[in-house]
Amino acid sequence: MDVFEYLMYGFQVALTPQNLFIALIGAFIGTIVGLLPGLGPINGVALLLPFAYALGLPPESALILLAAVYLGCEYGGRISAILINVPGDAAAIMSTMDGYPLAKQGKAGIALSLSAMSSFIGSLIAIIGIVLFAPLLAKWAIVFGPAEYFVLMVFALTCLSGLVGDQPIKTAVAALIGLLFATVGVDAVTGVYRFTFDSVNLSDGVQFTTIVIGFFSISEILIMLEKTAIGQKALGQGKRSLFNLKEFLFTLKTTIRSSLLGFIVGILPGAGATIASAMSYTSERKLAGKDGKFGDGDLRGIAAPEAANNASACGSFIPMLTLGVPGSGTTAVMLGALTLYNITPGPQLFTEQQ
């Protein structure tokens, strides 16, 4: 039985009425959870995991449910990011850069619909990549060592210069603050406690999502309170609620490039959608040059991170299923879900589980 026969069998299982309904319910719940700031896909999948097991769902149905919740959360976080400038999760930060300015221009519907289409294209490209290149990419991911991760992090930090334009000092200060928070907790190499101040709560470090959501949410709430006191103009809806063909073609190249970049980042164990969305946004901003309006409501600023984070989310299943190494925090929870069904992801998965 070759790859395409396995693929057809997989579609046969996934397209049953029961599994389609489970996917619909999972995507709906994931969207609701995702738009609530601070929860995100990890908490969404963790909340649904006990229900999936308690309901006695078969392994394939449980995996479909959790995957639907995962991708639903990835999109749901963009709703609050675009409408109220508060990202639902860390990966939605880049969507606030141009999503909220578009909402203030009366183009919230266009931003949301374009976000959905870019997310769909990103997921579709990632799924094609999984089907065609999973074994090859799994071998490549396993040899991705410390030197490669170092270069990846240097590249990510270098891309930060594209976010602030001609303000390098602000960039350096922000990067140093982020690195300072990252040093809190137990050192992964030496096991030494760093900057915990004898507090048990800091032994695991400061969670990135907590910092990001806290900074964005608190600042936005204070701004909203200030404007409420002095009077604020409500966001208006324009004449259109959906993007048109011209806008779609304008962002198509950006969507495809970001999808490929997000998929590559997604298969790297531990990278995740946050890095993918940040790298895609900064790279597209540099490619746009002076002609771009990034930060002021450029549609490419919505398409790039949305395509990248969904492609990364799908790509993170490759190391989880083929290597037994979670590609993100959410797939780590899903890895635990498979172990509940006595399924051990790894190189032997496709030979032992027929």
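The residue numbering used here restarts from 1 in each chain and proceeds along that chain's sequence as written. With pLDDT at 70 or above as the cut-off, local features in this predicted model cover only qualifying residues; side-chain atom pairs require 80 or more to be listed or tallied, and sums for whole chains, interfaces and linings still use all residues. Hydrogens and water are ignored here; the side-chain numbers use all heavy atoms of the structure.

- An unreviewed UniProt entry annotates the protein as Membrane protein originating from Acinetobacter haemolyticus ATCC 19194.

## Comments concerning the packing of helix H5 (residues 93–104) against helix H12 (residues 272–288)
1) Next: Interaxial angles span 0 to 180 degrees and are taken between N-to-C directions of axes, which are lines fitted to C-alpha atoms, for helices over the stretch in contact. What counts as a helix is a DSSP run of H or I of at least four residues, what counts as a strand is a run of E of at least two, and both are numbered from the N terminus. In contact at an axis separation of 8 Å, H5 and H12 are set at 40 degrees when each is read in the N-to-C sense. As far as their axial angle goes, H12 and H5 are oblique. For the pair H5 and H12, contact is made by Met94, Met97 and Asp98 and by Ser277, Ala278 and Tyr281, respectively.
2) Next: Tallied by class, the residues present in the contact of H5 with H12 amount to four nonpolar, one polar and one charged. Angles below 35 degrees are treated as roughly parallel, those above 145 as roughly antiparallel, those between 65 and 115 as roughly perpendicular, and all remaining angles as oblique. We call two residues in contact when some of their heavy atoms are within 4.5 Å. All residues other than Ala, Val, Leu, Ile, Met, Phe, Trp, Tyr, Cys, Pro, Asp, Glu, Lys and Arg, Gly among them, are scored as polar; the first ten of these are nonpolar and the last four charged.

## A word on the packing of aromatic side chains
Given two aromatic rings, their pairing is described by the distance between the two centres and the angle made by the two planes.
1) Next: When the centres of two rings from Phe, Tyr and Trp lie within 6.5 Å, Trp using its six-membered ring, the rings pair. Their planes under 30 degrees apart give stacked, over 60 give edge-to-face, and anything left gives tilted. Counting across every chain of the model gives three aromatic pairs.
2) Next: For the ring pair Tyr70 and Phe317, a centre distance of 6.1 Å and an interplane angle of 45 degrees mean the geometry is tilted. Residue Tyr70 is found in helix H4 (residues 59–84), and its partner Phe317 is found in helix H14 (residues 317–323); the two are separated by 247 residues along the sequence. For the pair shown, Tyr70 and Phe317 are each scored as buried. The rule is simple: take the accessible area with a 1.4 Å probe, protein chains only, and divide by the maximum for that residue type; under 20% is buried, over 50% is exposed, in between is partly exposed.

## What about the packing of H4 against helix H15 (residues 329–340)?
When two helices pack together, you describe them by how their axes are tilted relative to each other and by the distance separating the axes.
1) Next: For the pair H4 and H15, the least separation of the axes is 11 Å and the interaxial angle reads 170 degrees. Here H4 lies roughly antiparallel to H15, going by the angle between them. Between H4 and H15, the residues in contact are Leu63, Leu66, Ala67 and Tyr70 and Thr330, Thr331, Met334, Ala337 and Leu338, respectively.

## Let's talk about the nonpolar core
1) Next: Side-chain atoms within 4.5 Å are what join buried Ala, Val, Leu, Ile, Met, Phe, Trp, Tyr and Cys residues into a set we call a nonpolar core. Val45, Leu57, Leu65, Leu66 and Met334 are the most contacted members of the largest nonpolar core, which totals 24 residues.
2) Next: Every element with two or more residues in this core is listed here: helix H2 (17–34), helix H3 (40–54), H4, H14 and H15.
3) Next: Sort the elements by how many residues they give to this core and H4 lands first, with seven residues.
4) Next: Once residues within four sequence positions are removed from consideration, Leu57 is found in contact with Gln18, Ile22, Ala52, Ala62, Leu65 and Tyr341.
5) Next: Membership of the second largest hydrophobic core comes to 11 residues, among which are Ile79, Ile110, Ala111 and Leu112.

## Digging into the UniProt feature "transmembrane region" (unreviewed entry) in the protein
1) Next: UniProt positions are given in the numbering used here, feature names are shortened, and annotations may be inferred rather than shown by experiment. UniProt's entry tags residues 20–39, 51–71, 77–97, 109–134, 140–160, 172–193, 205–225 and 260–281 with the feature "transmembrane region" (unreviewed entry), counted in the numbering of this structure.
2) Next: Here residues 51–71 runs as 81% helix and 0% strand, with 18 Å between its end C-alpha atoms.
3) Next: End-to-end, the C-alpha atoms of residues 77–97 are 14 Å apart, and along that stretch the chain is 62% helix and 0% strand.

## Focus on H15
1) Next: A helix is expected to span 1.5 Å multiplied by its residue count minus one. Between its first and last C-alpha atoms H15 spans 18 Å; for 12 residues at 1.5 Å apiece the expected length is 16 Å, and the two agree.
2) Next: Within the span of H15, buried status applies to Thr330, Thr331, Val333, Met334, Leu335, Ala337 and Leu338.

## Things to note about helix H11 (residues 245–266)
1) Next: With 22 residues, H11 extends 29 Å from end C-alpha to end C-alpha; this agrees with the ideal 32 Å at 1.5 Å per step.
2) Next: Residues of H11 that are buried include every one of Glu247, Thr251, Thr254, Thr255, Ser258, Ser259, Gly262, Phe263, Val265 and Gly266, and no others.
3) Next: Two N or O atoms count as a polar contact when they lie within 3.5 Å, although within protein this holds only if one can serve as hydrogen donor and the other as acceptor, and sequence-adjacent residues are included solely when both atoms are side-chain atoms. Measuring from the side-chain oxygen of the N-cap residue of H11 to the backbone nitrogen of Lys246 gives 3.3 Å; that N-cap residue is Asn244.

## Looking at the pattern of salt bridges
1) Next: A pairing counts as a salt bridge when a side-chain nitrogen of Lys or Arg comes within 4 Å of a carboxyl oxygen of Asp or Glu. Under the criterion given, the structure shown has four salt bridges.
2) Next: Among the salt bridges present, the one from Arg78 reaches Glu74, with a minimum N-O distance of 3.6 Å. Placement of the pair is Arg78 and Glu74 together in helix H4, with a separation of four residues, close to one helical turn.
3) Next: When salt bridges with common partners are traced through the structure, they connect Glu74, Arg78 and Glu306 into a single cluster.

## Observations concerning a nonpolar patch on the surface
1) Next: A cluster of nonpolar side chains, contributed by Phe120, Leu124, Ile128, Leu132, Phe133 and Leu136, occupies part of the molecular surface with about 610 Å² of accessible area.
2) Next: Tracing the sequence through the fold places Leu136 in helix H6 (residues 108–142).
3) Next: The class of Leu136 is exposed, set by a relative accessible area of 58%. Patch definition: residues above 30% relative accessible area lacking any salt bridge, with like charges linked at up to 9 Å and the nonpolar side chains Val, Leu, Ile, Met, Phe, Trp and Tyr linked at up to 5 Å. To measure how exposed things are, a 1.4 Å probe is used in the Shrake-Rupley method; for residues, cover is taken only from the protein chains shown.

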